[in-house]
Amino acid sequence: MFATYLIGLREGLEATLVVSILVAFLVKSQRRDRLPQVWAGVGLAVALSVLFGWLIEYTSTSLLSRSEDRELFEAITSVAAVVFVTWMIFWMRRAARTIAGELRGKLSEALAVGSLAVAGMAFLAVIREGLETALIFYSAAQGAAGDSGPLLALIGGIVTAVVLGVLLYASALRINLSTFFTWTGALLILVAAGILKYGVHDFQEAGVLPGLNDLAFDITGTLDPSTWYAALLAGMFNVTPAPTVLETIAWVAYAVPILLLFLRPARRRSAPPATTTTAVTERGADAGTEAEAASTPQRA
C-alpha cells in the first residue's frame, strides 16, 4: 500500500503545485474573476481521470473473458505505466526551472481569449497527472483484487498532497521540495522496476514470453511469503522470493541504469542556483517564480 500512497502523494503534489501557480498568477494579476474557470477545468480533469481508471479496470474484469487476454492486457498496461513513470520523473527534473514561466505565459494567452480558454488551460495542466496516476495505480495495484487498501492508500496520498499544497500556498509550511522530489523519484523508480517485473510475468503467463517455470532463485525458506515484511516488499517493489530469470533480468536492467541516471550529480551551471526551499504564495514580487524555484530538484 505504501507504493500506491507514494504514487498519490507524488503525482498529487505535482498537480497541486501546477494549480497553485495558476491560482497565484490570477490573484497577483487581479483576475480573481477567472478562478471559477480554473476550478472548473481542474474538476473536469479529475472526473475524466477517475473515469479513465474505471475504464481500465472494467476492461480487464468485464470485457476480457479469457485469462490469457487479461494477462496480456495487464502486461501492456504495466509497460505503459513504467514508460509514464520514467518520463514523468525525468521530465520533472528537466522542466522544473521553466514550468512556472511556461504556465504563466500560457495562462496569459488564455486570459486574452476568454473563459473557455482559461478552463481548458487548467484542464490540460492537470489531466496529464490524472491520467498518469490512474494508469500507474492500476498497474501497481494488480494482484490486490477485492482489497480496498491500495485505493485508500492512493486517496490518502492525494489528500496529503492537497493539504501540503494548500499549506505551501498559504506560507504555513516550508519544506525542501528538491529533497522531496529526489527521494520520491528514486522510490518511484524502484516501484516502476517492480511494475515492469510484474508485466514480464504477465507476458509469460499469457504465453508471449518463455521461461515461466525457469526460476532465477528460490528463497522462500528465508523470505516466507506469508510474513508481513515479505508482503511489504512485494507490495512496494514487487520483490518476490521465487522470480523467474526474465523477471529478474528486467528488474535489474531497468532499476540500475535508471537510478544511476537519476541520481547522478548535477552539472555546474554558471547561473546562481535557484532557491530550493520556498512556498507558493500570492505575496512577493513573483509568486510563479517562487513555485518554479520550489519544484527545482538539486540533482539533474
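Heads up: the structure comes first, above all this text.
Engineer: An account of the overall build of the chain is requested, with residue identities and associated values reported.
Structural biologist: The number of helices and strands found in the chain is ten helices and two strands. Beginning at the N terminus, the succession of helices and strands in the chain can be written as α-α-α-α-α-α-β-α-α-α-β-α. Counting only residues that meet the buried cut, the chain has 48% of its 300 residues in that class. On the chain, roughly 14600 Å² of surface is accessible, and the fraction owed to carbon and sulfur atoms is 67%.

Engineer: Pulling in residues and values, what's your account of unusual backbone geometry?
Structural biologist: Of note in this structure, Q30 is not a glycine but carries a positive phi near 60 degrees. Mapped onto the fold, Q30 is located in the loop between α1 (2-28) and α2 (35-63).

Engineer: Requested: an account of the environment of S139, with residues and values cited.
Structural biologist: By the element assignment, S139 lies in helix α5 (residues 115-140). Along the primary structure S139 and V82 are separated by 57 residues, whereas in three dimensions their C-alpha atoms are 8.9 Å apart. With near-sequence residues (within four places) excluded, S139 lies in contact with T77, S78, A81 and I195.

Engineer: With reference to specific residues and values, describe the nonpolar core.
Structural biologist: If you look at the biggest cluster of nonpolar residues, it comprises 32 residues, and the most contacted ones within it are I89, L188, I189 and Y254. Among the secondary structure elements, those contributing two or more residues to this core are α1, α3 (67-95), α5, α7 (177-205), α8 (228-237) and α9 (245-263). Broken down by element, this core gets its largest block of residues, nine residues, from α7. Not counting the four nearest positions on each side in its chain, I189 is found in contact with I89, Y254, A255, I258, L259 and F262. The next biggest cluster of nonpolar side chains, apart from the first, holds 25 residues, and it includes L26, V27, A122 and V126.

Engineer: Before we move on, could you go through α2 and cite the residues and values that matter?
Structural biologist: Three- or four-residue spacings in an α-helix give side chains the same orientation, since the helix completes a turn every 3.6 residues. Between its first and last C-alpha atoms α2 spans 40 Å; for 29 residues at 1.5 Å apiece the expected length is 42 Å, and the two agree. Those residues of α2 that sit buried are L35, Q37, V38, G41, V42, A45, S49, I56, T59 and S60.

Engineer: Go over α9 with me, naming the residues and quoting the values.
Structural biologist: With 19 residues, α9 should reach 27 Å at 1.5 Å per residue; the first-to-last C-alpha distance of 27 Å fits that figure. When we look at burial in α9, the residues that qualify are E247, A250, Y254, A255, I258, L259 and F262. Buried residues of α9, viewed axially, fall in a sector of 120 degrees; they line one side. Counted as exposed and oriented over 90 degrees from the buried face of α9: A253 and L260.

Criteria and cut-off values
- Residues numbered from 1 in each chain as written.
- Predicted model: local features only at pLDDT ≥ 70, side-chain atom pairs only at ≥ 80, totals over all residues.
- Heavy atoms only, no water.
- Helix = DSSP H or I, 4+ residues; strand = E, 2+ residues; numbered from the N terminus.
- Buried < 20%, exposed > 50% of the residue type's maximum accessible area, 1.4 Å probe, protein only.
- Areas by Shrake-Rupley, 256 points an atom, 1.4 Å probe, with all protein chains shown as cover.
- Contact = heavy atoms within 4.5 Å.
- Core = buried A, V, L, I, M, F, W, Y, C linked by side-chain atoms within 4.5 Å.
- Expected span 1.5 Å × (residues − 1).
- Arc of directions from axis to C-beta.

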